[in-house]
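Structural description and commentary
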Amino acid sequence: MRIGIDFDNTIACYDGVFHRAAVDRGLIPPDVGMSKNAVRDHLNSSGRKEAFTELQGWIYGPGMDLVSPYPGFDIFVDAAVGVGHAIFIVSHKTRTPLAGPAYDLHSAARNFLDLRDITGPNRIAADAIFFEETKEAKVARIGELDCDVFIDDLPEILTMRGFPDETKALLFDPLRHHNGDHPALHHVGSWEEIGELLITLG
Ligand SMILES: [Mg+2]
């Protein structure tokens with residue numbers, strides 16, 4: 001099976017990271033919610049959209065040191081590679097942030113994957129990782145790679161025009177934001193659940 005996986009908020013878990021960085025910079029009071037969306041909504045609603053964009057640029061760049069993969073992702077990769085599945089990572093990510101210093105976000109993400117042993121021998125091959133500058137290029141890549149399944153936290157990618165009909169769409173939704181939405185998509189809540197679906201049962 002050819003398994004395609006998104007990167008941000010599907011492999012890389014930012015829970016608590018935006019909150020901590022925003023509190024450290026004095027951008028938000030500590031009682032704002034811990035999720036990335038809570039921090040974004042707080043800054044957007046107080047007219048500081050640009051501050052959020054810069055904060056995101058820092059986290060996706062040098063701040064990747066503070067980020068972890070979702071629990072169980074490493075076990076999933078071991079098991080999937082062990083049974084002969086091919087894994088690809090396809091991410092919509094600009095080379096540099098849209099605001100603030102010009103950090104190289106593609107190399108920051110590759111370093112994250114290397115340092116946590118997600119890429120390497122008997123893991124995901126370094127040449128199976130693709131960063132695309134637009135969402136259209138991302139769904140085109142998923143088609144070119146002929147993925148049997150693609151896992152993403154954004155329904156808008158999985159339902160986009162150009163997303164291949166032959167690719168089964170899994171919506172990664174660990175916090176159950178989309179409970180009841182998008183009934184046509186298969187919702188999954190953890191990497192353990194994805195492993196059961198694609199390896200144990202599949
Ligand atoms: Mg994502």
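What counts as what
- Each chain has its residues counted from 1, following the order in which its sequence is written.
- Local features in this predicted model are restricted to residues of pLDDT 70 or higher, and side-chain atom pairs are both shown and tallied only at a pLDDT of 80 or more, whereas totals for entire chains, interfaces and linings draw on every residue.
- The side-chain values count all of the structure's non-hydrogen atoms but skip hydrogen atoms and water molecules.
- Note on classification: 1.4 Å probe, protein chains only; a residue is buried when its accessible area is under 20% of the maximum for its type, exposed when over 50%, partly exposed between these limits.
- Under the DSSP-based scheme used, a helix requires at least four consecutive residues in state H or I and a strand at least two consecutive residues in state E, with every element numbered from the N terminus.
- The arc in question is traced by the directions running from the helix axis to the C-beta atoms.
- Note on definitions: a residue-residue contact is assigned when non-hydrogen atoms from the two residues lie within 4.5 Å.
- Here a polar contact means two N or O atoms within 3.5 Å. Within protein one must be a hydrogen donor candidate and the other an acceptor candidate, and residues neighboring in sequence count only if both atoms are side-chain atoms.
- Here the limits of each domain have been adopted from an automatic or database domain assignment.
- Using a 1.4 Å probe, buried area is obtained as the accessible area two parts lose upon being combined, added over both of them.
- By salt bridge we mean one thing: a side-chain nitrogen of Lys or Arg within 4 Å of a carboxyl oxygen of Asp or Glu.
- Exposure above 30% relative accessible area and the lack of any salt bridge qualify a residue for a patch; like charges then connect within 9 Å, and the nonpolar side chains Val, Leu, Ile, Met, Phe, Trp and Tyr within 5 Å.
- For the area figures, the Shrake-Rupley method with a 1.4 Å probe applies, and any residue is considered shielded solely by the protein chains shown.
- In this tally, Lys and Arg are treated as positive and Asp and Glu as negative; His is ignored, and so are the chain termini.
- By convention, charge coordinates are those of NZ in Lys, CZ in Arg, CG in Asp, or CD in Glu.

The name given to the protein chain in an unreviewed UniProt entry is Haloacid dehalogenase-like hydrolase, and the organism recorded there is Pontivivens ytuae.

What follows covers helix 5 (residues 105-115). Within the sequence span of helix 5, burial applies to Leu 105, His 106, Ala 108, Ala 109, Phe 112 and Leu 113. Take helix 5 and look down its axis: the buried residues cluster within an arc of 165 degrees, on one side only. Next to the buried residues of helix 5 lie strand 2 (12-13), helix 3 (49-60), strand 3 (68-69), strand 4 (86-92) and strand 5 (129-132). Its side-chain oxygen placed 3.1 Å from the backbone nitrogen of His 106, Asp 104 serves as the N-cap of helix 5. In the segment just after helix 5, Asp 117 is the residue with positive phi, at about 55 degrees.

Along its sequence, the protein chain is carved into domain 1 (2-13 + 69-200) and domain 2 (17-66). A C-alpha centroid distance of 23 Å is found between domain 1 and domain 2. When the two sides are added together, the surface that domain 1 and domain 2 hide from each other amounts to roughly 1000 Å², 66% of it contributed by carbon and sulfur. Taken together, the connections running from domain 1 to domain 2 amount to zero salt bridges. The interface formed by domain 1 and domain 2 includes one residue pair in polar contact (both at pLDDT 80 or more). Taken together, the elements giving at least two residues each to the side of domain 1 that touches domain 2 come down to strand 2 and helix 5. Among the elements that take part in the side of domain 1 that touches domain 2, helix 5 stands out by supplying three residues, more than any other.

Attention now goes to a negative patch on the surface. Judged by side-chain charge, Asp 146, Asp 148, Asp 165 and Glu 166 come together as a negatively charged surface patch. Its place among the elements puts Asp 146 in the loop between helix 6 (135-144) and strand 6 (149-152).

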